[in-house]
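Fold and geometry: a report
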Amino acid sequence: MSGSEADLLFLLDSSGSVSYYEFSRVKEFMWDLVQPFTFGPSDVQASIIHISTTPTMEFPFDRYLSGETLQQAIRNTQQLMGDTNTGKALSYAKEKLFSDEAGARPDVPKVLVWVTDGFSTDDISEPMQLLKDMGVTVFIVSTGRGNYLELSAAASQPPEKHLHFVDVDDLPIITKELQDAILDVIQANRLHAVEITSSSFRLTWPKLLSQETDYYTLEYAPIDDLARKRTKQVSGAHTSLVLSNLAPETTYEVALIPESNVHYFPPQTTRVTTLAEEISPAQVLISESGPHSFHVSWAPTLESVRGYQILYGPLPGNSVKLLEVDGKHNSTVVDNLAPNTTYLVTVTAVYRSGKEKSLSAKACTQE
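Within each chain, residue numbers correspond to sequence positions counted from 1 in written order. Given that this is a predicted model, residues contribute local features only at a pLDDT of at least 70 and side-chain atom pairs are listed and counted only at 80 or more, while totals for whole chains, interfaces and linings are drawn from all residues. Think of the side-chain values as coming from all heavy atoms in the structure, minus any hydrogens and water.

If you look the chain up in an unreviewed UniProt entry, it shows as von Willebrand factor A domain-containing protein 1 from Buceros rhinoceros silvestris. UniProt positions are given in the numbering used here, feature names are shortened, and annotations may be inferred rather than shown by experiment. For the record of the chain, the UniProt heading Function (unreviewed entry) holds the text "Promotes matrix assembly. Involved in the organization of skeletal muscles and in the formation of neuromuscular junctions." UniProt, in the comment section headed Subcellular location (unreviewed entry), describes the chain in these words: "Secreted, Extracellular space, Extracellular matrix, Basement membrane".

Laid out in structure tokens, this is it:
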């Protein structure tokens, strides 16, 4: 999941109301949650703030820039005990999510994951609202009873996507769902590709431009041949565009450049890899037919094909034989056949991805 920037802040209930066992289970959950993300200065950065009597930052955003070092830092995190002053911690989080000294970056999505046993000794509504007003997406995981109305008001909307009530032993149940939801937040604020095929993909991006004279320039090229750069322009009203006539199994470097007379928007970039070309053999040709053999050929041979399977058997009948042919070849001779017999021949392309496509033809041997 690289090329997706975000500052991800864990608000961790480290107070005395949480048992040592619960605290260790929550750390395991955080450890699992960060696994699929790519960490680094141009990817995701993470930080932890403890909820206690006084909020404390465990480490700043720019301290751990690989998944391994971050996971080790989560493992090493110690519970502080003290009071559950969540409101204070939220005010502190707001300050740190937007500060250079804490390693936070301007203009990247901000995501807050608050793991709580459902209790707070001070008011959370006002500091939480300030965070959301500044564009922070708030996910809440409650492992205790908690007040549903209070927590659903505190989480980002809609609560069914951003609020989870789950027993501390069942946290792994929600890990994948929460990972996907965080990724959606990151990508909604970024240029990214959907509907990827072997020859096309759709780019989508957030609405950045508003003036009628504003427009976007899109530049794209295969990363191993950047000289073959192509350019498209679309009006500022667009938030998506399909790029087609692309090469299969090729990684493209794509840049979206918002062109505005009023504001400066930094270019957004992403890398997209097209799928393997998975077309069935275009046609099966039978030639050089004799009484005991015929020649079978097909097109095309593709790098994405591992091999071909040729199944043949007399019609009518259910005895079928198999010939296997290397993916570099596009023809073979089928022999040891009965004269004056109609055969059904099926050529199946077996792709490196594991997919298969088939095409059939009838062939007659001579008398």
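After that view, the rundown keeps rolling.
What to know about the pairing of strand E8 (residues 201-204)
Strand pairing requires that DSSP identify at least two bridges connecting the strands. Helix numbering and strand numbering both begin at the N terminus, where a helix is a DSSP run of H or I of at least 4 residues and a strand a DSSP run of E of at least 2. Relative to E8, strand E7 (residues 192-194) runs antiparallel, the two sharing three bridges. Paired with alanine 193 across the two strands is leucine 203, which belongs to E8. Taking the residues between adjacent antiparallel strands as the criterion, E7 and E8 are bridged by six residues, where glutamate 195 takes a positive phi near 50 degrees. Relative to strand E11 (residues 240-243), E8 runs antiparallel, the two being bridged by four bridges. Residue pairing across strands places threonine 204 opposite serine 240, the latter belonging to E11.

Examining helix H2 (residues 67-76)
A 1.4 Å probe rolled over the protein chains alone gives each residue an accessible area, and that area as a share of the maximum for its type sets the label: buried under 20%, exposed over 50%, partly exposed in between. Inspection of H2 places Leu70, Gln71, Ala73 and Ile74 among the buried residues, and these make up the whole buried set. All buried residues of H2 project into a common sector of 160 degrees when viewed along the axis, lining one side. Throughout, a contact is declared for two residues whenever any of their heavy atoms are within 4.5 Å. Lining the buried residues of H2 we find helix H1 (20-33), strand E2 (44-51) and strand E3 (56-59). Relevant arc is that of directions from the helix axis to the C-beta atoms, nothing else.

Observations regarding the UniProt feature "domain: VWFA" (unreviewed entry) in the chain
When the UniProt feature table is mapped onto this chain, "domain: VWFA" (unreviewed entry) is found at residues 7-186. End-to-end, the C-alpha atoms of residues 7-186 are 9 Å apart, and along that stretch the chain is 39% helix and 20% strand.

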